[in-house]
Amino acid sequence: VVVMIETVEGVIEANEIANTFGVDVVIEGNTDLSRFSGFSPNDDRYEDLMIRVHDAALKAGKFYGSAGQQYLKGNILSPDTRLVQNGPAFDGWTPPARGASQAAEPTYTPPGGATPSGAAPARGGRRGGGAGRGAPQQ
């Protein structure tokens, strides 16, 4: 379970959030945290908010991350960042090459191939867990 902290109130409760049973990863919603706090990402006060989330996650034994891949390099928290919502995967997965004859994303066909009237087939996600990947085709 990944939780995203996006507000100053969330930062204040970061220890409680990170210590919640079942939470595995705590990340910041960087753009929203900047917007809701009123601090720009290069403001020391914004960095303090990030550090508080970081410290809460690590103290609780959880993975730490952020929404933006711009925090993977050049930030004091970069070495501890383990998950980035809009960034590269470090688990060996690479997106498939897209050719002219290849669909942009896999689609899911329900058992029996029936699609509700007027509805397009559901589209799978980028990575596992979506209906399009790993679902048995019949």
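Rules and cut-offs
Residues numbered from 1 in each chain as written. Predicted model: local features only at pLDDT ≥ 70, side-chain atom pairs only at ≥ 80, totals over all residues. Heavy atoms only, no water. Buried < 20%, exposed > 50% of the residue type's maximum accessible area, 1.4 Å probe, protein only. Helix = DSSP H or I, 4+ residues; strand = E, 2+ residues; numbered from the N terminus. Arc of directions from axis to C-beta. Contact = heavy atoms within 4.5 Å. Expected span 1.5 Å × (residues − 1). Salt bridge = Lys/Arg side-chain N within 4 Å of Asp/Glu carboxyl O. Axes fitted to C-alpha atoms, helices over the stretch in contact; angles between N-to-C directions. Parallel < 35°, antiparallel > 145°, perpendicular 65-115°, else oblique. Left-handed = near helix turned anticlockwise from the far one by under 90°. Nonpolar A, V, L, I, M, F, W, Y, C, P; charged D, E, K, R; others polar. Pairing = 2+ DSSP bridges.

S.K.: Describe helix α3 (residues 30-37), naming the residues involved and giving the relevant values.
M.R.: Taken residue by residue, α3 has Asn30, Leu33, Ser34 and Ser37 as its buried positions. Take α3 and look down its axis: the buried residues cluster within an arc of 100°, on one side only. Exposed and oriented more than 90 degrees from the buried face of α3 are Thr31 and Arg35. For α3, the secondary structure elements touched by its buried residues are α1 (8-12), β2 (25-28), α4 (44-59) and β3 (63-66).

S.K.: Can you tell me about α4, naming the residues and giving the values?
M.R.: For α4, spanning 16 residues, the distance from its first C-alpha to its last is 22 Å, which sits close to the expected 22 Å at 1.5 Å a residue. Along α4, the residues that are buried comprise Tyr46, Leu49, Met50, Val53, His54, Ala56 and Ala57. Considered in projection along α4, the buried side chains sweep an arc of 165° and stay on one side of the axis. Exposed and facing more than 90 degrees away from the buried side of α4 are Asp44 and Lys59. Contacts made by the buried residues of α4 are with β1 (2-5), α1, α2 (14-18), β2, α3 and β3.

S.K.: Explain the pattern of salt bridges to me, and be specific about the residues and the numbers.
M.R.: Within the structure shown, the criterion is met by three salt bridges. One salt bridge connects Arg45 with Asp43, and the closest N-O pair in it is separated by 2.8 Å. Residue classification places Asp43 among the buried residues on the basis of a relative accessible area of 17%.

S.K.: Give me the packing of α3 against α4: which residues, what numbers.
M.R.: One way to put it is that α3 packs onto α4 with a least axis distance of 11 Å and a crossing angle of 125°. Taken together, α3 and α4 sit at an angle that is classed as oblique. The handedness of the crossing between α3 and α4 is right-handed. Facing Asn30, Leu33, Ser34 and Ser37 of α3, the residues of α4 in contact are Tyr46, Leu49 and Met50. Looking at the contact of α3 with α4 residue by residue, the classes come out as four nonpolar, three polar and no charged.

S.K.: Can you tell me about the sheet that holds β2, naming the residues and giving the values?
M.R.: Spatially, the four strands line up as an open sheet ordered β1-β2-β3-β4, and their pairing is parallel. Of all the strands in the sheet, the pair left with one neighbour each is β1 and β4 (81-84). The mean inter-strand angle of the sheet, taken between neighbouring strand axes irrespective of direction, is 35°. Where β3 and β4 come together, three bridges link them in parallel fashion. Looking at the pairing, Tyr64 lines up with Thr81 of β4. Sheet contacts for α4: β1, β2 and β3; angle to β3, the most-contacted strand, approximately 155°.

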